[in-house]
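Residue-level structural notes
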Amino acid sequence: MAQDMTLLWGSGSPPCWRVMIALEEKNLQGYNQKLLSFEKGEHKSPEVLDMNARGQLPSFKHGDVVVNESYAVCFYLESQFKSEGNQLIPDSPAEQALMYQRMFEGLSFYEKLNAVIYYEWFVPEEERHDSALKRNREALATELKLWEGYLQKVVHVQHAHTNMHACTPTHTCARSNIALFFTSFQLSSGSHLAGQSFSLADVTVFPTVATLFRFGLSAERYPKLGEYHALLKERPGIKASWPPHWLENPEGQDALKDV
């Protein structure tokens, strides 16, 4: 199976890392892969453009099927290899709903991170303003507080699901309540973004969280994010796909130490 797959990727890229984690979680090791350099512009090479007209990484191919967007690849792998490795989409409708919610919120999270750490990369020198960077940092801080709050709550989905089905017209159970009877409790070992099970929400959002700490985010200021990072970085599929240049230089940077 994996021998029919090809992944073109870049080290430290959260979108690339998402795909690599998904491949590990589905036990699809042994795929063909090529590490390319963003700094050398290799993501714009003919080899990449032949698979991905946008000239972006990751670029992924399975047989004759080409899938390039990282979320799309993750969904594709879970759909095509459901019986392989770990289940990444929960069975419970409530837990699925939370997984999808966190996944797509994760895109905003990633964009706000990039707007700070890659400001000088994306914005030409003549267009840079301290006030703009300040706004970007404030937006990231607001986003971080949101995720810190999410991680203070782990959704007890089975409890919610049971209560929903127990409702009858004679009960004032308020089925329309978006909270779905979610029960909150403190983050503990084995807790993940969509409940107790590791899911595609973790596959797609963890690389953003890891990048935050790579760039100096304070675990003292954001303790729940710090706990989540410490918990998941020991997971085998994440350790196996850890960015190689991070392993070579584990110190990272301090761009986010004051956020």
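Below is a summary of the structure that appears in this document. (Residues numbered from 1 in each chain as written. Predicted model: local features only at pLDDT ≥ 70, side-chain atom pairs only at ≥ 80, totals over all residues. Heavy atoms only, no water.)

As for its position among the elements, histidine 229 is in helix 9 (residues 223-232). Excluding its chain neighbours within four sequence positions, the residues that come into contact with histidine 229 are Phe206, Val209, Ala210, Phe213 and Trp242. (Helix = DSSP H or I, 4+ residues; strand = E, 2+ residues; numbered from the N terminus. Contact = heavy atoms within 4.5 Å.)

In this section: the pairing of strand 2 (residues 32-36). Sheet topology note: the strand 1 (residues 5-10)/strand 2 ladder contains five bridges and is parallel. For threonine 6, the partnering residue across the bridge sits in strand 2 and is asparagine 32. With helix 1 (residues 14-25) bridging strand 1 and the parallel strand 2, this β-α-β connection has right-handed handedness. (Pairing = 2+ DSSP bridges. Right-handed = clockwise from strand over helix to strand, strands pointing away.)

Charged atoms that come close allow side chains of opposite charge to pair. Taken as a whole, this structure holds nine salt bridges when the rule is applied. Between arginine 235 and glutamate 25 there is a salt bridge, with its nearest N and O atoms 2.7 Å apart. Of the two residues, arginine 235 is situated in the loop between helix 9 and helix 10 (236-240) and glutamate 25 in helix 1; the sequence distance between them amounts to 210 residues. Ionic pairing is found between lysine 26 and glutamate 78, a salt bridge with its closest N-O pair at 2.8 Å. (Salt bridge = Lys/Arg side-chain N within 4 Å of Asp/Glu carboxyl O.)

Glancing now at helix 1. Under the 1.5 Å per step criterion, the end-to-end length of helix 1 is 16 Å for twelve residues, consistent within 8% with the ideal 16 Å. Where burial is concerned, most of helix 1 is hidden: twelve out of the twelve residues are buried. Among all positions in helix 1, only Pro14, Pro15, Cys16, Trp17, Arg18, Val19, Met20, Ile21, Ala22, Leu23, Glu24 and Glu25 are buried. After helix 1 finishes, the residue asparagine 27 shows a positive phi value of roughly 55°. (Expected span 1.5 Å × (residues − 1). Buried < 20%, exposed > 50% of the residue type's maximum accessible area, 1.4 Å probe, protein only.)

Here we take up the packing of helix 6 (residues 130-150) against helix 9. Contact pair helix 6 / helix 9: the axes reach a minimum separation of 8 Å and the direction vectors enclose 65°. One way to sum up the angle between helix 6 and helix 9 is to call them roughly perpendicular. Once helix 6 is placed against helix 9, the crossing between them reads as left-handed. Contacts between helix 6 and helix 9 involve Leu144, Trp147 and Glu148 from the former and Pro223, Lys224 and Leu225 from the latter. A class-by-class count of the residues in the contact of helix 6 with helix 9 yields four nonpolar, no polar and two charged. (Axes fitted to C-alpha atoms, helices over the stretch in contact; angles between N-to-C directions. Parallel < 35°, antiparallel > 145°, perpendicular 65-115°, else oblique. Left-handed = near helix turned anticlockwise from the far one by under 90°. Nonpolar A, V, L, I, M, F, W, Y, C, P; charged D, E, K, R; others polar.)

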